[in-house]
Amino acid sequence: MMRQNLHTHTTFGDGKNTAEEMARGAVSCGCTSLGFSEHSPLPPAADPDGWSMAEGDTSAYREEILGLREQYAGQLEIFLGLEQDMDSAPAQGHWDYLIGSVHSLWRDGCCLSVDCSPEATDRAIRQFFAGDPYAYAESYFSRVAGVADATGCQIAGHFDLLTKFNEGGRFFDERHPRYVDAAMGALEKLLKRDVIFEINTGAISRGYRTAPYPAPFLLRAIREKGGRVCITSDSHSARTVLFAFDAAEALARACGFRETWVLTEQGFTPQKL
């Protein structure tokens, strides 16, 4: 069985390790195929904390990954990807794949990160959504609904990222009708674009969650409606390239999936779980 992670960050963005260190980490943990997906460059207003790749580093990033592809040929299959943010300019040049992601909301001209910290989430809901967490969720999912149109992605990144700090219902009830309606509306639109939804373990490795994204009710809906999934670690460290893949595979099976999708030289293909 191919062990592949397509969501990988490096020191070109907010990762802790260089691309080569990530490749070595992938080999050491038994990964057979690795896709790099650095954060696309963002304008300063959309990235006040500087976590995205600098515009001037895009060529160096491309050259580094393509060089590693040659260096690791026969040992580790490497793909050149990009996590294309909703707020970035359109991706230029050829990429093996794009992950389309929403990391922020805009309200009254302010950029509100949905995955910065619990404190930032609480402040955004109180100050910009009049204390209404479901208005916050509706605003988020209205953006997610258009991420494939905006980015041209093949993979929808961390579909319900706004739950990163919500374990135990800290900010909102994920069973609330308004939340469910907003999430299902976005899901329906992305299904029409035939994107692959990632089962993402990144928040587990960073200690914020005990289960992957998306939530089981969303995964079941994706399965029932004929959608596709892949498993990724959203890795920011050489130690977490295949983090909690067993748990993600078990979750996929529990939600009715019998296959995940992997990237090959021939494109995305199904692989039995």
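Just so you know, these numbers come straight off a predicted model, no measurement behind them.

The next subject is the overall build of the protein. Regarding its fold elements, the protein presents nine helices and 11 strands. Reported as C-alpha extents along the three principal axes, the dimensions of the protein are approximately 55 × 40 × 30 Å. Counting only residues that meet the buried cut, the protein has 57% of its 273 residues in that class. Considering only intrachain contacts with a sequence separation of at least 6, the fraction spanning at least 24 residues in the protein is 69%. Carbon together with sulfur atoms contributes 48% to the accessible area of the protein, which is approximately 11500 Å² in total. Taken as two groups, the 26 positive and 37 negative side-chain charges of the protein have centres that lie 6 Å from each other.

Let us look at the pairing of strand E6 (residues 110-113). Summarising the sheet, strand E5 (residues 104-107) and E6 pair through four bridges and their orientation is antiparallel. The residue of E6 that forms the bridge with Leu105 is Leu112. Between the end of E5 and the start of E6, which pair antiparallel, lie two residues, with Asp108 showing a positive phi angle near 55 degrees.

Moving on to helix H2 (residues 58-71). Taking 1.5 Å per residue, 14 residues should reach 20 Å; H2 reaches 20 Å between its end C-alpha atoms and fits that length. Among the residues of H2, those classed as buried are Thr58, Tyr61, Ile65 and Leu68. All buried residues of H2 lie within an arc of 95 degrees about the axis, which places them on one face of the element. In H2, the exposed positions that point more than 90 degrees away from the buried face belong to Glu63 and Glu70. Along its buried surface, H2 packs onto helix H1 (19-28), strand E2 (33-39) and strand E3 (77-85).

Right, let's talk about the nonpolar core for a bit. Phe36, Tyr61, Tyr140, Phe141, Phe159, Leu190 and Phe197 are the most contacted members of the largest nonpolar core, which has 75 residues in total. At eight residues, helix H6 (residues 177-192) tops the list of elements feeding residues into this core. Once residues within four sequence positions are removed from consideration, Phe141 is found in contact with Phe159, Asp160, Leu162, Tyr179, Ala182, Ala183 and Ala186. Counting residues in each nonpolar core, the second largest holds 10 residues, with Phe79, Ile99, Cys230 and Phe268 among its members.

It is worth spelling out the sheet that holds strand E8 (residues 196-200) at this point. Spatially, the seven strands line up as an open sheet ordered E1-E2-E3-E4-E7-E8-E9, and their pairing is parallel. Each edge of the open sheet is held by one strand with a lone partner, namely strand E1 (4-5) and strand E9 (228-232). Where E2 lies against E3, seven bridges are found, and the strand directions are parallel. When the bridges of E3 are listed, Gly35 appears paired with Phe79.

Our focus in this paragraph is empty space enclosed by the protein. As enumerated under the stated definition, the model contains two cavities of 30 Å³ or more in all. Taken as a whole, the largest cavity encloses approximately 120 Å³ of empty space. Lining the largest cavity are 15 residues; nearest its centre among them are Gln4, Ile231, Phe245, Thr260 and Val262. Elements supplying a minimum of two residues to the lining of the largest cavity: E9, helix H9 (245-254) and strand E10 (259-264).

Now for the state of the cysteines. Inspection of the entire model under this criterion finds zero disulfides. With no disulfide of its own, Cys29 has Cys31 as its nearest cysteine by sulfur position, at a separation of 5.6 Å. Cys153 supplies the cysteine sulfur nearest to Cys230, a cysteine that is in no disulfide, at a spacing of 11 Å.

Before going further, it helps to spend a moment on the packing of aromatic side chains. Enumeration according to the criterion identifies nine aromatic pairs in this entry. Judged by centre distance (5.6 Å) and plane angle (70 degrees), the rings of Phe12 and Tyr61 are edge-to-face. With a gap of 49 residues between them, Phe12 in the loop between E1 and H1 and Tyr61 in helix H2 connect regions that are remote in the sequence. With a centroid separation of 5.4 Å and an interplanar angle of 40 degrees, the aromatic rings of Phe141 and Phe159 are classed as tilted. In this pair, Phe141 is assigned in helix H4 (residues 133-144) and Phe159 in the loop between strand E7 (155-156) and H6, connecting sequence segments 18 residues apart. The exposure class of Phe159 is buried, given its relative accessible area of 1%. A connected cluster of aromatic rings, assembled from ring pairs, spans Tyr140, Phe141, Phe159, Phe172, Tyr179 and Phe197. Its guanidinium or amino end placed over the ring of Trp95, Arg62 lies 4.2 Å from that ring's centre, counting from NZ or CZ. In this structure, Arg228 packs its charged tip against the face of Trp261, placed 4.5 Å from the ring centre.

Conventions we followed
- Each chain carries its own residue numbering, running from 1 in the direction its sequence is written.
- Local features in a predicted model are, by the rule used here, given only for residues with pLDDT of at least 70; side-chain atom pairs are given and counted only at 80 or more, and totals for whole chains, interfaces and linings are based on all residues.
- Excluding hydrogens and water, the side-chain figures rest on all heavy atoms present in the structure.
- Secondary structure elements follow DSSP: runs of H or I of four or more residues count as helices, runs of E of two or more count as strands, with numbering from the N terminus.
- Relative accessibility under 20% of the residue-type maximum defines a buried residue, over 50% an exposed one, and the middle range a partly exposed one, all with a 1.4 Å probe and only protein chains included.
- Here, residues are in contact when the closest pair of their heavy atoms is within 4.5 Å.
- Each accessible area is a Shrake-Rupley estimate made with a 1.4 Å probe; only the visible protein chains count as cover when residues are assessed.
- Asp and Glu are treated as the negative residues and Lys and Arg as the positive ones, with His and the ends of the chain left uncounted.
- Just so you know, the charge point we use is NZ for Lys, CZ for Arg, CG for Asp and CD for Glu.
- Two strands are counted as paired when DSSP detects at least two bridges linking them.
- In a helix, the anticipated span is given by 1.5 Å times the number of residues less one.
- Along the arc lie the directions from the helix axis toward the C-beta atoms.
- The criterion is simple. A nonpolar core is a set of buried Ala, Val, Leu, Ile, Met, Phe, Trp, Tyr and Cys residues joined through side-chain atoms within 4.5 Å.
- For each structure, a 1 Å grid was placed over the protein atoms alone; sets of points admitting a 1.4 Å probe that cannot get out are labelled cavities, open sets with protein on both sides within 12 Å along at least five of seven lines are labelled pockets, and lining residues have an atom within 4 Å of a point.
- Grid points are joined across faces, edges and corners, and a volume is the space filled by probe spheres set on the points.
- Sulfur atoms of two cysteines make up a disulfide when they are within 2.5 Å.
- For Phe, Tyr and Trp, where Trp contributes only its six-membered ring, two rings pair if their centres lie within 6.5 Å, and the inter-plane angle classes them as stacked under 30 degrees, edge-to-face over 60, or tilted in between.
- Placement of a charge over a ring requires the Lys NZ or Arg CZ to be within 6 Å of the ring centre, with the centre-to-atom vector within 35 degrees of the ring normal.

Shape is all these values report; function is a separate question.
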